[in-house]
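Spelled out, the chains give:
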Amino acid sequence: MGRVDYLAMKTDVDTVAIVKSDVEELKLAAKKLLTDVSNLGGLAFGVSFVKWIASFSAIYLLILDRTNWRTKMLTSLLIPYIFLTLPGVIFNFLSGDVGKWIAFVAVVLRLFFPKHFPDWLEMPGSLILLLVVSPHFLVHHIRGGWIGSVISLFIGCYLLQEHIRVSGGFRNSFTQPRGVSNTLGIILLLVYPVWALIIRV
């Protein structure tokens, strides 16, 4: 019986090649999205579509932070971001009578039954209160104008910078198991304000 040589299997995946191929796929998808949006209705449709994506991305990040995927980001900044980017249909629904009732119930629970008011309900309750009590100037001039887009851009940039810093670098923010979803969600936060500012210029 002689020596048995086994065939060595390469189990290490070349992460750089995978990230490069993913970036190339994202570029192709972005180009296809731009051509489809321009065919469907121009830039106005694109802003509305990207606004929906950014809002749901912020809500997704807020849900991730309130579940077991806790991050070290300052996620309370997502509340003003959602306020500034929430699509008009949802904003009007939640700032109307439905939002007033939700805010009323949240305040009553928080004041009179603090033990029954869960911690994960703090941020959504704050968002509903902000939607209901926001002044006319904020709703119609800041939220829909370029100032709201600039504030949203600053919030997105700050959250991305903090996430990258906490992850230990840009590369690590994509290689950690929980970091990929957070990084992509934060990058999606930046798409709407950049697009809205480009169109307004």
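Just so we're clear, the structure is a prediction, and the values are computed from it rather than from any experiment.

**Quick look at the packing of aromatic side chains**
Thought 1: Counting across every chain of the model gives three aromatic pairs.
Thought 2: Note on Trp101 and Phe104: the rings are 5.9 Å apart at their centroids and 85° apart in plane angle, and the pair reads as edge-to-face. On the criterion of helical spacing, the pair formed by Trp101 and Phe104 is a turn pair, its members being three residues apart in helix 5 (residues 97-112).
Thought 3: When the ring centre of Phe91 is taken as origin, the NZ or CZ atom of Arg143, which lies over that ring, is 3.9 Å away.

**Comments concerning the side chain of Thr183**
Thought 1: If you trace the backbone, Thr183 turns up in helix 10 (residues 179-200).
Thought 2: For Thr183, the side chain forms a polar contact with the side chain of His163, separated by 2.7 Å.
Thought 3: With near-sequence residues (within four places) excluded, Thr183 lies in contact with His163, Ser173 and Phe174.

**Points about the packing of helix 4 (residues 88-95) against helix 6 (residues 122-133)**
Thought 1: The contact between helix 4 and helix 6 brings their axes to 8 Å, and the two run at 90°. Taken together, the axis directions place helix 4 and helix 6 in an arrangement best described as roughly perpendicular. Contacts between helix 4 and helix 6 involve Phe91, Leu94 and Ser95 on the former and, on the latter, Ile128, Leu131 and Val132.
Thought 2: Here the contact of helix 4 with helix 6 is composed, by residue class, of five nonpolar, one polar and no charged.

**Focus on the nonpolar core**
Thought 1: Counting 32 residues, the largest nonpolar core has Leu78, Tyr81, Leu131, Leu189 and Tyr192 as the members making the most contacts within it.
Thought 2: Elements that contribute at least two residues to this core include exactly helix 2 (43-66), helix 3 (78-85), helix 4, helix 6, helix 7 (136-142), helix 8 (146-167) and helix 10.
Thought 3: Dropping the residues within four chain positions of it, Tyr81 is found in contact with Ala54, Ala58, Ser152, Ile155, Leu189, Tyr192 and Pro193.

Rules used in this analysis
Residues numbered from 1 in each chain as written. Predicted model: local features only at pLDDT ≥ 70, side-chain atom pairs only at ≥ 80, totals over all residues. Heavy atoms only, no water. Phe/Tyr/Trp six-rings, centres within 6.5 Å; stacked < 30°, edge-to-face > 60°. Helix = DSSP H or I, 4+ residues; strand = E, 2+ residues; numbered from the N terminus. Lys NZ or Arg CZ within 6 Å of the ring centre and 35° of its normal. Polar contact = N/O pair within 3.5 Å; in protein donor to acceptor, adjacent residues only side chain to side chain. Contact = heavy atoms within 4.5 Å. Axes fitted to C-alpha atoms, helices over the stretch in contact; angles between N-to-C directions. Parallel < 35°, antiparallel > 145°, perpendicular 65-115°, else oblique. Nonpolar A, V, L, I, M, F, W, Y, C, P; charged D, E, K, R; others polar. Core = buried A, V, L, I, M, F, W, Y, C linked by side-chain atoms within 4.5 Å. Buried < 20%, exposed > 50% of the residue type's maximum accessible area, 1.4 Å probe, protein only.

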